[in-house]
Amino acid sequence: MEKPTKKYETLIRTAYQQFALHGYEKTTIDDILKASNISKGLFYHHFANKNELFVALYTQAAKEITEKTLEIFEAENLDLISFAKKYMQMQFFLSQRTPYLFSFLKRAEGEKIEEIQEVMEHVLSQRHQWMTERLDWRCLRKGVTKEQAISLVTWVAEGFTNELLEKGECFAVENYLSFCAYLDIMAESILEKRGE
């Protein structure tokens, strides 16, 4: 596999931005080329059309997020709240490197593109399986099920992320600390206190 050039990386970053801002239908190859100052020749050297680019962007992002998620699970034995903090921290890191990544993903998941729906379903299913199998559930409060705990944390994480994206805010340290504060409040309800 050939090493990506600076022009290719510019093309990819710009494509994330254009699709995030305007969506799949309203973004044209010419829009991406104009914004990135990349030639049509370079574009068609890598991609056959807009759909191929869009699916490649989504698939690459999903692959990277999946790999980083697996690293979190392999690092140590975590409870759900600790995992959620590390998972959000990973998202913040990725969004610093690729600013429009999560805006792109949010838009992409709303598109009716079959390949993307398949990748999304696989990623979500895999993450859920890892959570149920690899997290330490011994500290869960009596009467709270794994499914309830996962749903609560997922709703808070998705709501928090969506609110940031809708405001057009980037993932910053203050945002991460606010998210962790919400999780700490939730932990009081779903986890046993240490030493009990």
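Residues numbered from 1 in each chain as written. Predicted model: local features only at pLDDT ≥ 70, side-chain atom pairs only at ≥ 80, totals over all residues. Heavy atoms only, no water.

### Notes on the overall build of the chain
Cut-off, in case you're wondering: Under the scheme used here, helices are H or I runs from DSSP no shorter than 4 residues and strands are E runs no shorter than 2 residues, and both carry numbers assigned from the N terminus. Each residue is assigned to one of three classes by its accessible area relative to the maximum for its type, calculated with a 1.4 Å probe on protein chains only: buried under 20%, partly exposed between the two thresholds, exposed over 50%. The method behind every accessible area is Shrake-Rupley, applied with a 1.4 Å probe, and residues are considered shielded solely by the protein chains displayed. Positive charges come from Lys and Arg, negative ones from Asp and Glu, while His and the chain ends are left out of the count. Positions of charges follow a simple convention, taking NZ of Lys, CZ of Arg, CG of Asp or CD of Glu.
Counting its secondary structure elements, the chain contains nine helices and zero strands. Helices (α) and strands (β) of the chain occur, in sequence order from the N terminus, as α-α-α-α-α-α-α-α-α. When each of the 196 residues of the chain is scored for burial, the buried share is 43%. When the accessible area of the chain is evaluated, it comes to approximately 11500 Å², of which 52% is carbon and sulfur surface. Counting 25 positive and 30 negative side-chain charges, the chain places the centres of these two groups 4 Å from one another.

### Concerning the confidence of the model for the chain
The cut-off we apply is this: Scored between 0 and 100, pLDDT is the confidence that the predictor attaches to each residue.
Taken residue by residue, the chain gives an average pLDDT of 88. The fraction at 70 or more is 95%. The secondary-structure element of the chain with the lowest mean pLDDT is helix α6 (residues 101-109), recorded at 87, while helix α2 (residues 29-36) shows the highest, at 95.

### Focus: the environment of S82
By the element assignment, S82 lies in helix α5 (residues 80-97). Along the backbone, S82 and K63 are 19 residues apart, and their C-alpha atoms lie at a distance of 22 Å.

### Details of the nonpolar core
Applicable threshold: Buried Ala, Val, Leu, Ile, Met, Phe, Trp, Tyr and Cys residues that are joined via side-chain atoms within 4.5 Å together make up what is termed a nonpolar core. Any pair of residues with heavy atoms lying within 4.5 Å of one another is described as a contacting pair.
Of all hydrophobic cores here, the largest spans 64 residues; its most connected members are F19, L53, L80 and F104. The greatest single-element share of this core, amounting to ten residues, is contributed by helix α4 (residues 50-75). Contacts of F19, omitting those with residues within four sequence positions, involve Y24, T27, I32, K50, L53, F54, L57, F104 and R107.

### Here's the deal with the packing of aromatic side chains
How we decide: Only centres within 6.5 Å qualify two rings of Phe, Tyr or Trp (six-membered ring in Trp) as a pair; their planes then separate them into stacked at under 30 degrees, edge-to-face at over 60, and tilted for everything else. Lysine NZ or arginine CZ positioned within 6 Å of the ring centre and within 35 degrees of the ring normal marks a charge as sitting over the ring.
Across all of its chains, the model carries 15 aromatic pairs by this definition. Arranged with centres 6.1 Å apart and planes meeting at 65°, the rings of F160 and Y182 form a pair that is edge-to-face. Placement of the pair is F160 in helix α8 (residues 146-167) and Y182 in helix α9 (residues 173-190), with a sequence separation of 22 residues. One aromatic cluster is present, formed by Y16, F19, Y24, F54 and F104 through successive ring pairs. One Lys or Arg, K50, reaches over the ring of Y24 and ends 4.3 Å from the middle of that ring.

### Focus: the state of the cysteines
Formally, a disulfide is one covalent bond, and it connects the sulfur atom of one cysteine to the sulfur atom of another. Filter applied, for reference: When two cysteine sulfur atoms are found within 2.5 Å, that pair is recorded as a disulfide.
The final tally for this structure, using the stated rule, is zero disulfides. As a non-bridged cysteine, C180 has C139 as the owner of its nearest cysteine sulfur, 16 Å distant.

### Brief notes about α5
Rules: Any helix carries an expected span of 1.5 Å times its number of residues minus one. Two N or O atoms form a polar contact when they lie within 3.5 Å of each other; inside protein one atom must be a possible hydrogen donor and the other a possible acceptor, and for residues adjacent in sequence the pair counts only when both atoms belong to side chains.
Along its 18 residues, α5 runs 26 Å from first to last C-alpha, staying within 8% of the 26 Å computed at 1.5 Å per residue. Residues of α5 that are buried: L80, I81, F83, A84, Y87, M88, M90, Q91, F92, L94 and S95. Between the side-chain oxygen of the N-cap and the backbone nitrogen of I81 there are 3.0 Å, and the N-cap of α5 in question is D79.

### Here we look at unusual backbone geometry
With phi around 60°, N37 is a residue other than glycine that occupies positive phi space. Mapped onto the elements, N37 comes out in the loop between α2 and α3 (40-46). Among the residues examined, N37 registers a relative accessible area of 69% and is labelled exposed.

### Some remarks on α9
Rules: It is the directions from the helix axis to the C-beta atoms that the arc portrays.
For α9, with 18 residues, the first-to-last C-alpha span of 25 Å sits near the 26 Å given by 1.5 Å per residue. What α9 keeps buried is the set N175, Y176, F179, C180, L183, M186, A187 and I190. The buried residues of α9 occupy one face: seen down the axis, they fall within an arc of 130°. Of the residues in α9, the exposed ones pointing more than 90 degrees away from the buried face are E174, L177 and I185. The secondary structure elements touched by the buried residues of α9 are α5 and α8.

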